[in-house]
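Now for the letters of each chain:
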Amino acid sequence: MKTLFQTCMLICTLVVLSSCGFKDIDKRSFVVSMGIDQSQENEKNYEVILKIAFPSSEANEQGKNFQLATETGRTIAEAVSRIKAKTSNELDFGHMKIIVLGEKILERDIGQTMDWFTRRRDIQQIAFIGVGKPTAREVLAHEPKGERLPSNELFLFFGETGTESPYVTTNYLFHFRRNLEERGIDGYLPIIEVKDDIFSIMTMCLVKKGEKPLPLKDDETELFNLLNRGYDKVSIKIQGVKQHFILSIDQLSSSYQILSTDSQKPVIKYKVNIKGNIEESMVEIKEEKMDQYNQLVEQVVKKRTEALFKKLQDSHYDPLGFGLRYRANHSGDENVKVKEWQNIYDQIRFDVNVKANITGTGVIE
Amino acid sequence: MSRYFYYLVVLYMLANVVALVPRILIQDRLNGTVMALVIAIVLTMFYFYIFTNSMLKFPGKGQPEIVLTYTPKWFAFTYLFFVAILYFCSAWFILVSFIDITNIFINPEMPSFLIGAVFLALVSFGALMKTEKTLYALEIVLLISLPLIIAIFFKAYFNQLLSWDAIKVVFIHSFEKPSISTIGAASYSMIGFYFISIYNRVLKPKVNKLKLIPFLLLGILATVNIFTSFLIPIGFNGVDGSENYIYPWFSTADSIRMEFGFIERVLFIFLLLYIGISISTATITCHVGVETLKSILPKKKWKGIAMVPSMILLVFSVFTISSPYLFSQVHIFDFSKFYFSLLLLVGAISCSVLLYAVRRSKSK
């Protein structure tokens, strides 16, 4: 009786085996990066570009081993389903690590574009996201020399396992979506360009729902990344009347407080602490003048920071999340606070306080 | 106290992530959830103390024996039946959610009844095991998954992109009137101690009273745990953005990147760990449910094998496998809110019943 029962159970388990839903690896096309552009024929349509890598057993240089599949559609899902009809293998988005949005796409409702990415279960939330200038297609079609895998160069740029530069702004899909949804902080994206056959990621733009994106210049991008992430492998140019040197920053920390009482004008007290040493100097450096150099660094950084904040304020962008900090420190209904903050932000004053400490003059005096 | 008792308590602390608890808490995040958590912790720890200490007064005995001996028959029957149903509901929530999660994140091509059948076959066989053996299985699962889950929690807390400002916004709304279902949902993460009602038969502790220090440590652990499962999704998805997620924790796990971990996407490690946790939680809960229900049902035997437990599990399995087709996600969510609120009341009833039993046993 028991043997019969056990045999029956064993046969029953076969049911599970027969209808396994997995498709084999050689029947899958791995999408490594995805671009979204505006369709050339119809302004309302999306053009979706998928970079599909062909895996092969050889280890060296497979960077050119890819296919670009393109389709247009009213929605992203529509275009993707059309691409499915064009490829013989099952599309697999599980390895998609880069999303490139065309410049023109940013001018539309960004929330609508991002919806597909958050709703789909198989899109990884830690995918990097950026803007392709002038189009996403150009960025995806570019084949850098000596690339190990398709799109690997971009992974290295953003993943911080390769280069680490303050000009390269890294943003993840989940973080970008969070900043778009959150009231009191705005999203930002790096701008990826192809210049003279190499990638150039020097600038960024700020993105907000229902508003035109605001591009930042390269020095503003650098400063923003410095303040936002506490980036500390940076050299900044310090130019005074007599001195002109480059400060290599070892440590940078920033903190701020929002003071808004009824009696006085609201103010953001922003503190920056810089520690570093001199990397290159145009004029002779004198050890006893260290205090002067410190003061100069403080002045220069203060000026640059205030200029950046002013620009953000004038264009009503808030990528550092001052508004969210205000919400975090004041009680009351959230909708009311958000409205209040919009009024305050227009007239707020920035009080930037920089403390510099140059620890050395490099290897030589 | 035997270490197995702590395993049971810790198990439910982990399992709440699956059973819709974070979603309910996050929905109410701007309506005094912090207050709700504090109330839930205090209330449940109070129940915990009374229930466990009362059970410890009857060494080697389970709740069914105690209730059947010291209370009128009609009351004992209704009470035990009701409690057993609640146990099954708890297992049902975890299974239904995890079948759905498997369907969304692991294998969308597999029909959900098949996933359900695989899970329930495992759970049913587990639940039919001897009481001690379920504990051994639990120990193995916890020893493997607990360190990794704690590592993921730490990884989340020290993530640079975790928004502490968003978390602070939630704390600003601490002192508002919380809803009952939020308190209930928060208390769900600490109900592991109820399992002593059956496991008291095998735990055989040498002490007959819960010591104060381990009890307080469990309280602190519970507090840290429930705040983690509530706040981390908010920190990752934003105070406004976290609202729309159906399984906030799984989306959060997908937002954590472990560059030099086993695999870059934490989601898959997290899913793997939670398959183990959910299956063992469902197994333990079903086992307790079966043992409770068995005590009030006639002991029918067929060729020397007790048929009642298998029958109960068969009914439960068929119901669970068919529930994705019977109920929509919205129904399940509403029902879970009701269930969690009910837990608060049931805690009070259970404690009074046991206190009554203790008094009767002393007067005899």
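Residues numbered from 1 in each chain as written. Chains lettered and ligands numbered in written order. Predicted model: local features only at pLDDT ≥ 70, side-chain atom pairs only at ≥ 80, totals over all residues. Heavy atoms only, no water.

Peer 1: Before we go on, may I ask you to explain the overall build of chain A in this structure?
Peer 2: Assigned secondary structure in chain A consists of ten helices and 13 strands. Seen through its principal axes, chain A has C-alpha atoms that stretch 90 × 60 × 55 Å. Within the span of chain A, comprising 365 residues, buried residues form 50% of the whole. Excluding contacts between residues fewer than 6 apart, the proportion of contacts in chain A whose partners are at least 24 apart in sequence is 67%. Working note: accessible area of chain A is about 18,500 Å², and carbon and sulfur atoms make up 49% of it. One finds the centroid of the 50 positive side-chain charges in chain A at a distance of 4 Å from the centroid of its 53 negative side-chain charges. (Helix = DSSP H or I, 4+ residues; strand = E, 2+ residues; numbered from the N terminus. Buried < 20%, exposed > 50% of the residue type's maximum accessible area, 1.4 Å probe, protein only. Contact = heavy atoms within 4.5 Å. Areas by Shrake-Rupley, 256 points an atom, 1.4 Å probe, with all protein chains shown as cover. Lys, Arg positive; Asp, Glu negative; His and termini not counted. Charge placed at Lys NZ, Arg CZ, Asp CG, Glu CD.)

Peer 1: Explain the state of the cysteines here, please?
Peer 2: What is meant by a disulfide is a covalent connection between two cysteines, made through their sulfur atoms. All names here are of chain B. Under the counting rule described, the total for this entry stands at zero disulfides over all chains. Unpaired in terms of disulfides, Cys-89 finds its nearest cysteine sulfur in Cys-286, a separation of 11 Å. Looking at Cys-89, the relative accessible area reads 14%, which means it is buried. Here Cys-351 is not cross-linked by a disulfide; its sulfur's nearest cysteine counterpart is in Cys-89, at 19 Å. Taking relative accessible area as the criterion, Cys-351 reaches 4% and is therefore assigned buried. (Disulfide = S-S within 2.5 Å.)

Peer 1: Can you help me understand the interface of chain B and chain A in this one?
Peer 2: It is common to give the size of an interface as the accessible area lost on bringing the parts into contact. Facing the 38 residues of chain B at the interface are 42 residues of chain A. Around 3,300 Å² of area is buried between chain B and chain A when both sides are counted, 54% of it from carbon and sulfur atoms. Its largest share of buried area at the contact with chain A, chain B owes to Leu161(B), Asp240(B) and Arg257(B), together 18% of the area lost on that side. Our count for the chain B to chain A interface comes out at four salt bridges. For the pair chain B and chain A, the interface holds 17 residue pairs in polar contact (both at pLDDT 80 or more). The element contributing the most residues to the side of chain B that touches chain A is helix α8 (residues 164-172) of chain B, with five residues. Among the residues making up the side of chain B that touches chain A, the classes are represented as 18 nonpolar, eleven polar and nine charged. (Buried area = accessible area lost by both parts, 1.4 Å probe. Salt bridge = Lys/Arg side-chain N within 4 Å of Asp/Glu carboxyl O. Polar contact = N/O pair within 3.5 Å; in protein donor to acceptor, adjacent residues only side chain to side chain. Nonpolar A, V, L, I, M, F, W, Y, C, P; charged D, E, K, R; others polar.)

Peer 1: Got a minute to help me understand the side chain of Thr71(B) in this structure?
Peer 2: All names here are of chain B. Inspection of the secondary structure puts Thr-71 in the loop between α4 (63-70) and α5 (73-106). A distance of 2.5 Å separates a polar atom in the side chain of Thr-71 from the backbone oxygen of Val-67. The contact partners of Thr-71, leaving out residues within four places of it in the chain, are Ala-76 and Tyr-356.

Peer 1: It is not clear to me how helix α7 (residues 131-157) of chain B should be interpreted in this structure. Could you clarify?
Peer 2: Every α-helix winds through 3.6 residues per turn, so residues three or four apart in the chain are directed the same way. All names here are of chain B. In a regular helix each residue adds 1.5 Å, so 27 residues correspond to 39 Å; α7 covers 37 Å between its end C-alpha atoms and thus fits that length. The sharpest bend along α7 reaches about 35° and sits at Ser-145, with the proline Pro-147 one to four residues further on. Inspection of α7 places Thr-131, Thr-134, Leu-135, Leu-138, Glu-139, Leu-142, Ser-145, Ile-149, Ile-152, Phe-153 and Ala-156 among the buried residues, and these make up the whole buried set. Those residues of α7 that are buried are in contact with α1 (3-15), α6 (112-127), α10 (196-203), α11 (212-237), α12 (248-255) and α13 (266-294). (Expected span 1.5 Å × (residues − 1). Bend = angle between axes of the 7 residues up to and from the residue.)

Peer 1: Looking at this structure, I do not really get the sheet that holds strand β11 (residues 244-259) of chain A. What am I missing?
Peer 2: What links the strands of a sheet is backbone hydrogen bonding, and the strands pair in either a parallel or an antiparallel sense. Residues and elements named next belong to chain A. Spatial strand order, β10-β11-β12-β13: four strands in an open sheet with mixed pairing. With one partner strand each, in any of the chains shown, β10 (234-239) and β13 (349-360) form the two edges of the open sheet. Along the sheet, successive strands turn relative to each other by an average axial angle of 40°, direction set aside. Here strand β12 (residues 267-281) pairs with β13 via eleven bridges, running parallel. (Pairing = 2+ DSSP bridges. Axes fitted to C-alpha atoms, helices over the stretch in contact; angles between N-to-C directions.)

Peer 1: Could you clarify how one ought to interpret the domain arrangement of chain A in this entry?
Peer 2: Residues and elements named next belong to chain A. Partitioning chain A into structural domains gives domain 1 (25-216) and domain 2 (218-365). The distance between the C-alpha centroids of domain 1 and domain 2 comes to 32 Å. Buried area between domain 1 and domain 2, summed over both chains or domains, comes out near 2,300 Å², and the portion from carbon and sulfur atoms is 55%. Among the residues of domain 1 in contact with domain 2, Pro-166, Arg-183 and Leu-216 are the three that bury the most area, contributing 31% of the side total. Applying the counting rule to domain 1 against domain 2 returns zero salt bridges. Connecting domain 1 to domain 2 are twelve residue pairs in polar contact (both at pLDDT 80 or more). For the side of domain 1 that touches domain 2, the elements supplying multiple residues, two or more each, are β8 (198-207) and β9 (214-216). (Domains from an automatic or database assignment.)

Peer 1: Can you walk me through the pattern of salt bridges in this structure?
Peer 2: Once the charged atoms of two side chains with opposite charge are near each other, the side chains can pair. In total, this model carries 25 salt bridges over all chains according to the counting rule given. Arg327(A) is the partner of Glu334(A) in a salt bridge, and the nearest nitrogen-oxygen pair spans 2.6 Å. Glu334(A) gets classed as buried once you look at its relative accessible area, which sits at 4%. Ionic pairing is found between Glu291(B) and Arg201(B), a salt bridge with its closest N-O pair at 2.9 Å. Taken as a pair, Glu291(B) in helix α13 and Arg201(B) in helix α10 lie far apart in primary sequence, 90 residues in all. Residue Glu291(B) is classed as buried on the basis of its relative accessible area of 12%. Bridged by salt links that share partners, the residues Arg183(A), Arg327(A), Glu334(A), Lys337(A) and Asp240(B) form one connected network.

Peer 1: When you look at the nonpolar core in this model, what are you seeing that I'm missing?
Peer 2: A general tendency of soluble globular proteins is for nonpolar side chains to be buried together. By size, the foremost hydrophobic cluster in this structure holds 159 residues, and its most contacted members are Leu154(A), Phe48(B), Tyr188(B), Phe250(B) and Tyr274(B). Of all the elements, α5(B) adds the most residues to this core, at 19 residues. The contacts of Phe250(B), once residues within four sequence positions are left out, are Val18(B), Phe98(B), Ile101(B), Phe105(B), Leu267(B), Phe270(B), Leu271(B) and Tyr274(B). In terms of nonpolar packing, the next biggest core, distinct from the first, is built from 47 residues, Leu223(A), Leu227(A), Ile238(A) and Tyr345(A) among them. (Core = buried A, V, L, I, M, F, W, Y, C linked by side-chain atoms within 4.5 Å.)

Peer 1: I would appreciate a short explanation of the packing of aromatic side chains in the present structure.
Peer 2: For any pair of aromatic rings, geometry is given as the distance between the ring centres together with the angle between the planes. Evaluation of the coordinates by the stated rule reveals 58 aromatic pairs over all chains. Sitting above the plane of the Tyr317(A) ring, Lys208(A) keeps its charged end 5.3 Å from the centroid. (Phe/Tyr/Trp six-rings, centres within 6.5 Å; stacked < 30°, edge-to-face > 60°. Lys NZ or Arg CZ within 6 Å of the ring centre and 35° of its normal.)

Peer 1: Any chance you could explain the side chain of His142(A) here in plain terms?
Peer 2: Counting through the fold element by element, His142(A) comes out in the loop between α4 (136-141) and α5 (152-159). Apart from the residues within four sequence positions on either side, His142(A) is in contact with Lys51(A), Val194(A), Asp197(A), Ile198(A) and Phe199(A).

Peer 1: Is there a simple way to think about the environment of Thr71(B) in this case?
Peer 2: Given a relative accessible area of 9%, Thr71(B) falls into the buried group. Along the backbone, Thr71(B) and Tyr356(B) are 285 residues apart, and their C-alpha atoms lie at a distance of 8.5 Å.

Peer 1: What am I meant to see in the pairing of β12(A) here?
Peer 2: Put simply, side chains in a regular strand alternate between the two faces of the sheet. Of the strand pairs in this sheet, β11(A) and β12(A) are connected by 14 bridges, and their pairing is antiparallel. The residue of β12(A) that forms the bridge with Ile258(A) is Ile268(A).

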